[in-house]
Amino acid sequence: MENEKTKPADEIKLGSIVATIWKNESASGSYFNVTVTRLYKDGDTWKRSESFGRDDLLLVAKVIDLSHTRIYQILSE
């Protein structure tokens, strides 16, 4: 089971900006982390970057806001 890839709790995508929500367990309970990436195509291959341009920033803020809301929804399920 250790080799099994951990799946995200959820993913929020707006345009090319993706926020991935990760659920983690510790001795004191569950907690969440969020990673934010930008999708782009390099030839025929889709890639991810952690660098954002000026025009990406409002979408970054929005996916972070939606991730915050989604984490609270997951906690109340």
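Everything that follows concerns the structure shown earlier in this document.
Bear in mind the structure is a predicted one, so any value in this text is a computation, not a measurement.

Rules used throughout
Residues numbered from 1 in each chain as written. Predicted model: local features only at pLDDT ≥ 70, side-chain atom pairs only at ≥ 80, totals over all residues. Heavy atoms only, no water. Helix = DSSP H or I, 4+ residues; strand = E, 2+ residues; numbered from the N terminus. Areas by Shrake-Rupley, 256 points an atom, 1.4 Å probe, with all protein chains shown as cover. Contact = heavy atoms within 4.5 Å. Polar contact = N/O pair within 3.5 Å; in protein donor to acceptor, adjacent residues only side chain to side chain. Pairing = 2+ DSSP bridges. Axes fitted to C-alpha atoms, helices over the stretch in contact; angles between N-to-C directions. Expected span 1.5 Å × (residues − 1). Buried < 20%, exposed > 50% of the residue type's maximum accessible area, 1.4 Å probe, protein only. Arc of directions from axis to C-beta.

J.: Tell me what's going on with the overall build of the protein chain, and back it up with residues and numbers.
T.: When its secondary structure is counted, the protein chain shows 1 helix and 4 strands. Counting from the amino terminus, helix and strand elements in the protein chain follow one another as β-β-β-β-α. For the protein chain, the spread of C-alpha atoms along the principal axes amounts to about 40 × 30 × 20 Å. Accessible area of the protein chain: about 6000 Å², with a carbon and sulfur share of 50%.

J.: I'd love a proper account of the environment of Arg 38, names of residues and values included.
T.: With respect to the helices, strands and loops of the structure, Arg 38 is situated in strand S3 (residues 29-42). For the pair Arg 38 and Ser 26, spaced 12 residues apart in sequence, the C-alpha to C-alpha distance is 29 Å. Ignoring any residue separated from it by four or fewer positions in sequence, one finds Arg 38 in contact with Ser 16, Ile 17, Lys 47, Arg 48, Ser 49, Ser 51, Phe 52 and Asp 56. A distance of 2.9 Å separates a polar side-chain atom of Arg 38 from the backbone oxygen of Ser 51.

J.: Let's hear about the sheet that holds strand S2 (residues 17-26): which residues, and what values?
T.: Strand order in the open sheet formed by 4 strands is S1-S2-S3-S4, and the pairing between neighbours is antiparallel. Two strands bound the open sheet, and with one partner strand each, they are strand S1 (10-14) and strand S4 (45-49). With direction set aside, neighbouring strand axes in the sheet form an average angle of 30°. Here 5 bridges tie S3 to S4, and the two strands are oriented antiparallel to one another. The partner of Arg 38 across the bridge, within S4, is Ser 49.

J.: Describe helix H1 (residues 57-76), listing the residues and the values that go with them.
T.: The end-to-end C-alpha distance of H1 is 29 Å, a good match for the 28 Å that 20 residues give at a rise of 1.5 Å each. Restricting attention to buried positions, one finds in H1 the residues Val 60, Val 63, Ser 67, Arg 70, Ile 71 and Ile 74. Taken end-on, H1 shows its buried residues confined to a sector of 110°, consistent with a single buried face. Residues of H1 that are exposed and point more than 90 degrees away from the buried face comprise Leu 58, Tyr 72 and Ser 76. Check the buried side of H1 and you find it contacts S1, S2 and S3.

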